[in-house]
Amino acid sequence: MRELFSFLSEERVLVDKEDLLLYSYDATPSRRYPIAVVRPVSTEEVVEIVKVASRKRIPLVARGAGTSLSGAPLPCEGCIVVDFSLMDEIIEVDEVNAFVAVQPGVVYEALNRELAKHGLFFPPDPGSGSVCTIAGMVAMNSSGIRAVKYGTTRDYVASLEVVLGTGRVVKLGGRYKKSSSGYDLKSLFVGSEGTLGLFTEIGLRVIPRPNHHAAMIAHFDDFTEAGKAITQAMAKRLDVAVLEVMDSLVVEAVESFSGINLGSAEALVLAEVEGFDANVKEEIRRIAQVFTRRGAKVELAFDEAEIARLWRARKAALPALARLASTLLLEDITVPVSALPEMMRRIRGIGQRHNIRIATFGHAGDGNLHPTFLVENEEEMRRVSAAIEELFRECLSLGGTLSGEHGIGTEKRRYFELEHGYATQVMREIKRALDPKNILNPGKIFYGRQAYFKLR
Ligand SMILES: Cc1cc2nc3c(=O)[nH]c(=O)nc-3n(C[C@H](O)[C@H](O)[C@H](O)COP(=O)(O)OP(=O)(O)OC[C@H]3O[C@@H](n4cnc5c(N)ncnc54)[C@H](O)[C@@H]3O)c2cc1C
């Protein structure tokens, strides 16, 4: 293996089992070893790696921090993992054009620390932001609690340098504000999960960092009622930056994990408004009014430390739930906001019908819920699998999508065609055009490892 990659220094080609173990997993329960790991430091090296892999027909799986919740960076059989963590330079912050150029392995929070020095920020804010990479976020179109106001990673990708499966390099987009010049290929790569090309440089639009914040916590006696209040608040077009929901199982888990006292409730709604002046206080009061009128007990928070405490509690949801069961399966279905209360009701019904524990939290303001299945044994896993299929069907029947932020990977690929129908074939054709030998992350997104080759 080292001979094949003799253009990389020896310590950047890993073949020992102990090293490979570190690349054998993501944040799903699955595991698989690659045959090697390569760690490039430049676009030129990535091109050479792709050329070798293409000649030898060895699959390549790109990897950022390995935090995916859908199996997207999991090694496939006989593959080499391309670890981008050494390409972690912030190349340029361009204040005039509100643009930043980065290498793929830059970590989300490290980028925002640097941008803060310029009064700027990159808002998508995933829960894994302290470790996940910008390339991983682009490849998954990640987002987080602020998507309701600021949108997702896709809305900020201005330019990409991509190495295709043929070893050709394409440069897409730029730091300009608008363009009517041809197909928007750059957007095609956002959310492509490492199946269409390898990102070697990423340009992002960034925005001024808000400096005034106000928050609210609302306690409800009924989970579905919380959903109705959220739908109503969104219909009023209030300027909310964060609008999150947690059910009672999540609240209890967070309290016992973090010691943060949230008060008992069937459902909690957390909201934040942010901006550049004291008007944020007025806006949070308007939002609070909607919740009070629907019978919630509401507290406001204007103090930075108190607001930080609320978000620590929300971000503790996943690690807190991880202590309740040996396996967690976290979904990220997303429905139109108008369908949120009905989706919340149906999740409750699915839990009861299959006799399983589902803890639900999520970015309710944009209709994105994380029903989290708590699983203890194989017999329960069988019931959970049936429940997850039902969950996806219910979500699609309400006009929703399988994934609001975590992607398809290996975990949801069986259901992909159910959502996209004939568009799945179109996507397979696009993959074939950009990666004719199917060496880039095969077996992800599409069901059946080589499925798209069967089309002709
Ligand atoms: C505790 C926790 C909380 C999370 N919270 C959120 C959340 O709030 N919102 C959210 O959206 N996600 C969340 N996630 C999921 C995950 O963190 C995101 O999908 C993240 O963007 C993945 O980044 P990564 O660097 O870990 O990429 P990886 O997991 O390593 O890879 C993800 C995908 O990117 C591809 N990739 C990596 N580098 C490149 C490259 N250079 N070129 C092309 N493709 C590449 C991989 O092949 C893979 O398909 C969470 C995960 C955990 C464990």
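Residues numbered from 1 in each chain as written. Predicted model: local features only at pLDDT ≥ 70, side-chain atom pairs only at ≥ 80, totals over all residues. Heavy atoms only, no water.

What follows deals with the environment of Pro-319. Looking at the element boundaries, Pro-319 is found in helix α11 (residues 317-322). As a C-alpha pair, Pro-319 and Ala-253 span 66 residues in sequence and 9.1 Å in three-dimensional space. (Helix = DSSP H or I, 4+ residues; strand = E, 2+ residues; numbered from the N terminus.)

Mapped onto the fold, Gln-103 is located in the loop between β6 (99-102) and α3 (108-116). Owing to a relative accessible area of 13%, Gln-103 belongs among the buried residues under this scheme. Those residues in contact with Gln-103, other than ones at most four positions away along the chain, are Val-41, Met-87, Asp-88, Glu-89, Ile-91 and Thr-200. (Buried < 20%, exposed > 50% of the residue type's maximum accessible area, 1.4 Å probe, protein only. Contact = heavy atoms within 4.5 Å.)

With that settled, consider the site of the ligand. With respect to spatial proximity, 34 residues lie near the ligand, and among them Ala-62, Thr-67, Ser-128, Ser-142 and Ser-143 are the closest. Measuring from an oxygen atom of the ligand, one finds a backbone N or O atom of Met-137 at 3.5 Å. Backbone polar atom of Ser-143 to a nitrogen atom of the ligand: 2.5 Å apart, as the coordinates give it. Contributions of two or more residues to the shell around the ligand are made by β3 (60-63), α4 (134-140) and β10 (197-205). It is α4 that provides the largest number of residues to the shell around the ligand, a total of five residues. Classifying every residue of the shell around the ligand gives 17 nonpolar, 14 polar and three charged. Looking at which domains feed residues into the shell around the ligand, each of domain 1 (10-83) and domain 2 (90-208) gives three or more. (Near = heavy atom within 4 Å. Polar contact = N/O pair within 3.5 Å; in protein donor to acceptor, adjacent residues only side chain to side chain. Nonpolar A, V, L, I, M, F, W, Y, C, P; charged D, E, K, R; others polar. Domains from an automatic or database assignment.)

Once that is clear, we can look at the pattern of salt bridges. One pass over the full model with this rule turns up 29 salt bridges. Between Lys-315 and Asp-125 there is a salt bridge whose closest N-O contact spans 3.1 Å. With Lys-315 in helix α10 (residues 304-315) and Asp-125 in the loop between β7 (120-121) and α4, the pair connects residues that are 190 residues apart, well separated along the chain. A residue is classified by how much of its surface remains accessible, and Lys-315, at 34% relative accessible area, is partly exposed. For Asp-125, a relative accessible area of 10% puts it in the buried group. The salt bridge partner of Lys-431 is Asp-435, with a shortest N-O separation of 2.6 Å. Since its relative accessible area comes to 0%, Asp-435 is described here as buried. One continuous salt-bridge network, built from bridges that share partners, spans Asp-125, Arg-146, Glu-272, Glu-274 and Lys-315. (Salt bridge = Lys/Arg side-chain N within 4 Å of Asp/Glu carboxyl O.)

The phi dihedral of Asn-141 falls on the positive side, at around 50 degrees, and the residue is not glycine. The residue Asn-141 is located in the loop between α4 and α5 (147-150) in this model. On the basis of relative accessibility, which here comes to 12%, the residue Asn-141 falls in the buried class. With phi around 45 degrees, Asn-441 is a residue other than glycine that occupies positive phi space. Secondary-structure assignment places Asn-441 in the segment after α15 (423-434).

It is worth spelling out the sheet that holds β6 at this point. Spatially, β5-β6-β10-β8-β9 is the arrangement adopted by the five strands of the open sheet, whose pairing is antiparallel. The strands lining the two open edges of the sheet, one partner per strand, are β5 (90-94) and β9 (169-173). Each strand of the sheet is rotated relative to its neighbour by a mean of 15 degrees, with strand direction disregarded. The strands that helix α2 (residues 43-56) touches are β8 (157-164), β9 and β10; relative to β8, the one it contacts most, it runs at about 40 degrees. (Pairing = 2+ DSSP bridges. Axes fitted to C-alpha atoms, helices over the stretch in contact; angles between N-to-C directions.)

According to the stated counting rule, one finds seven aromatic pairs in the structure shown. Members of the aromatic cluster, each reached through a chain of ring pairs, are Tyr-108, Phe-122 and Tyr-156. One Lys or Arg, Arg-63, reaches over the ring of Tyr-25 and ends 5.6 Å from the middle of that ring. Taking the ring centre of Phe-302 as reference, the NZ or CZ of Lys-281 above it sits at 5.2 Å. (Phe/Tyr/Trp six-rings, centres within 6.5 Å; stacked < 30°, edge-to-face > 60°. Lys NZ or Arg CZ within 6 Å of the ring centre and 35° of its normal.)

On the basis of which strands lie adjacent, the open sheet formed by four strands has the order β1-β2-β4-β3 and mixed pairing. Only two strands of the sheet have a single neighbouring strand rather than two, namely β1 (13-14) and β3. Here strand β2 (residues 36-38) runs beside strand β4 (residues 80-83); their pairing, made up of three bridges, is parallel. The residue of β4 that forms the bridge with Ala-36 is Ile-80.

With the rule as written, the count across this model stands at zero disulfides. The closest cysteine sulfur to the non-disulfide-bonded Cys-79 is located on Cys-76, 4.4 Å from its own sulfur. (Disulfide = S-S within 2.5 Å.)

An ideal rise of 1.5 Å per residue puts 21 Å on 15 residues; helix α12 (residues 340-354) measures up with 21 Å between its terminal C-alpha atoms. The set of residues buried in α12 consists of Leu-340, Pro-341, Met-343, Met-344, Ile-347, Gly-349, Ile-350, Gly-351 and His-354. Of the surrounding elements, those touching the buried residues of α12 are α7 (223-235), β13 (242-247), β17 (357-363), β18 (368-375) and α13 (378-397). (Expected span 1.5 Å × (residues − 1).)

Where α12 meets α13, the closest approach of the two axes is 10 Å, and the angle between their N-to-C directions is 155 degrees. It follows from the interaxial angle that α12 and α13 lie roughly antiparallel. The way α12 lies across α13 gives a crossing that is right-handed. In this structure, α12 uses Met-343, Arg-346, Ile-347, Ile-350, Arg-353 and His-354 to contact α13, whose residues at the interface are Arg-383, Ala-386, Ala-387, Glu-390, Leu-391, Glu-394, Cys-395 and Ser-397. (Parallel < 35°, antiparallel > 145°, perpendicular 65-115°, else oblique. Left-handed = near helix turned anticlockwise from the far one by under 90°.)

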